[in-house]
Amino acid sequence: ETGVTQTPRHLVMGMTNKKSLKCEQHLGHNAMYWYKQSAKKPLELMFVYSLEERVENNSVPSRFSPECPNSSHLFLHLHTLQPEDSALYLCASSQVQGAGSGYTFGSGTRLTVV
Amino acid sequence: SQQGEEDPQALSIQEGENATMNCSYKTSINNLQWYRQNSGRGLVHLILIRSNEREKHSGRLRVTLDTSKKSSSLLITASRAADTASYFCATVPPGANNLFFGTGTRLTVIP
């Protein structure tokens, strides 16, 4: 375990479903991130939260909705997804927002949209 | 684009050999980081090298940085089967607050 826990590990959902991905860290980090990893593509930064405030949203479709209720928890709410949204979704955290130190990643949620 | 590009895309070596992976990037950077990812898992931070550093070691890992050539290399000495994974470089351009990743090098170490 890295200190960043993601649930569920695997998720299969239909295009009309609504589901949520959860990320939890108890490292005392102040920044949390959602990345999308698709085959043969660089990791795509989706959302950045610093001290529970969203500081970056990289043109992500509105069918992805993040939520950060406190500095330890981060959610990604999903609705009416498309098959091309199938990917590994990775959560990460860092001491402060930015990259003065390394990021700690969770093990990811493998999402399949059918 | 701001992400690093790793080379080669795939590398296969015998256990005990050394593995060298390279990363090139386009803009100036504050630091460059290397990560490892086992199949289907999250990324694990290996080493961070700052723009004013030229070389860094951690156990069997050696990272070099040449800012004049905008390139970095990761050397794994005396490789083991457990080193089989994908390796990514990530850069932080000045003025940016987040990491940008490449597509990775897939390393296979044959026992």
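Given the structure is predicted, the values throughout are model-derived calculations rather than measurements. (Residues numbered from 1 in each chain as written. Chains lettered and ligands numbered in written order. Predicted model: local features only at pLDDT ≥ 70, side-chain atom pairs only at ≥ 80, totals over all residues. Heavy atoms only, no water.)

On to the overall build of chain B, then. Looking only at helices and strands, chain B features zero helices and 11 strands. Along chain B, helices and strands appear, N-terminal first, in the series β-β-β-β-β-β-β-β-β-β-β. Rg of the C-alpha trace for chain B: 13 Å, near the compact-globule value of 13 Å for 111 residues, within the 12% margin. If one aligns the C-alpha atoms of chain B with their principal axes, the spans along those axes are about 45 × 30 × 20 Å. (Helix = DSSP H or I, 4+ residues; strand = E, 2+ residues; numbered from the N terminus. Rg over C-alpha atoms; globule rule 2.2 N^0.38 Å.)

Taken residue by residue, the interface counts 20 residues in chain B and 24 residues in chain A. Carbon and sulfur atoms make up 52% of the surface buried where chain B meets chain A, a total of about 1600 Å² over both sides. When the buried surface of chain B facing chain A is broken down by residue, L43, N98 and F101 of chain B rank first, second and third, together holding 30% of it. At the surface where chain B touches chain A, the tally comes to zero salt bridges. Viewed at the interface, chain A and chain B are joined by four residue pairs in polar contact (both at pLDDT 80 or more). Elements represented by at least two residues in the side of chain B that touches chain A include exactly β4 (31-37), β5 (43-50) and β9 (85-92) of chain B. (Contact = heavy atoms within 4.5 Å. Buried area = accessible area lost by both parts, 1.4 Å probe. Salt bridge = Lys/Arg side-chain N within 4 Å of Asp/Glu carboxyl O. Polar contact = N/O pair within 3.5 Å; in protein donor to acceptor, adjacent residues only side chain to side chain.)

Our next topic: the environment of R63 of chain A. Residue and element names in this part refer to chain A. The topology assignment puts R63 in the loop between β6 (53-57) and β7 (64-70). Once the C-alpha coordinates of R63 and T80 are considered, the two residues, 17 residues apart in sequence, prove to be 6.3 Å apart. Not counting residues within four places of it along the chain, the set of residues in contact with R63 comprises H77, L78, H79, T80, L81, Q82 and D85. A distance of 2.7 Å separates a polar atom in the side chain of R63 from a polar atom in the side chain of D85.

Take the sheet that holds strand β8 (residues 71-76) of chain B next. Residue and element names in this part refer to chain B. Taking strand neighbours across the sheet as the criterion, the five strands line up as β1-β3-β8-β7-β6 in an open arrangement whose pairing is antiparallel. Here the strands that pair on one side only, and so sit at the sheet edges, are β1 (5-7) and β6 (55-58). In this sheet, neighbouring strand axes are inclined to one another by 20 degrees on average, regardless of whether the strands run parallel or antiparallel. As defined by bridge partners, strand β7 (residues 61-66) adjoins β8 across six bridges and the pair is classed as antiparallel. Looking at β8, one finds that L65 is bridged to S72. (Pairing = 2+ DSSP bridges. Axes fitted to C-alpha atoms, helices over the stretch in contact; angles between N-to-C directions.)

Below, the discussion takes up the sheet that holds β7 of chain A. Residues and elements named next belong to chain A. Read across the sheet, four strands follow the order β1-β3-β8-β7 without closing on themselves; strand pairing throughout is antiparallel. Looking at which strands have only one partner, the edges of the open sheet turn out to be β1 (4-7) and β7. Strand after strand, the sheet turns through a mean of 20 degrees between neighbouring axes, direction not considered. Sheet topology places β1 next to strand β3 (residues 18-25); four bridges connect them, and they run antiparallel.

What follows concerns unusual backbone geometry. All names here are of chain A. A cis geometry characterises the amide bond from T7 onward to P8, with omega recorded as -10 degrees. For P8, the location among the structural elements is in the loop between β1 and β2 (10-13). Phi at L51 takes a positive value of approximately 50 degrees, unusual for a residue other than glycine. The backbone of T80 sits at a positive phi, close to 45 degrees, despite the residue not being glycine. Relative to the assigned elements, T80 resides in the loop between β8 (73-79) and β9 (87-94).

Just distances and angles here, no functional claims.
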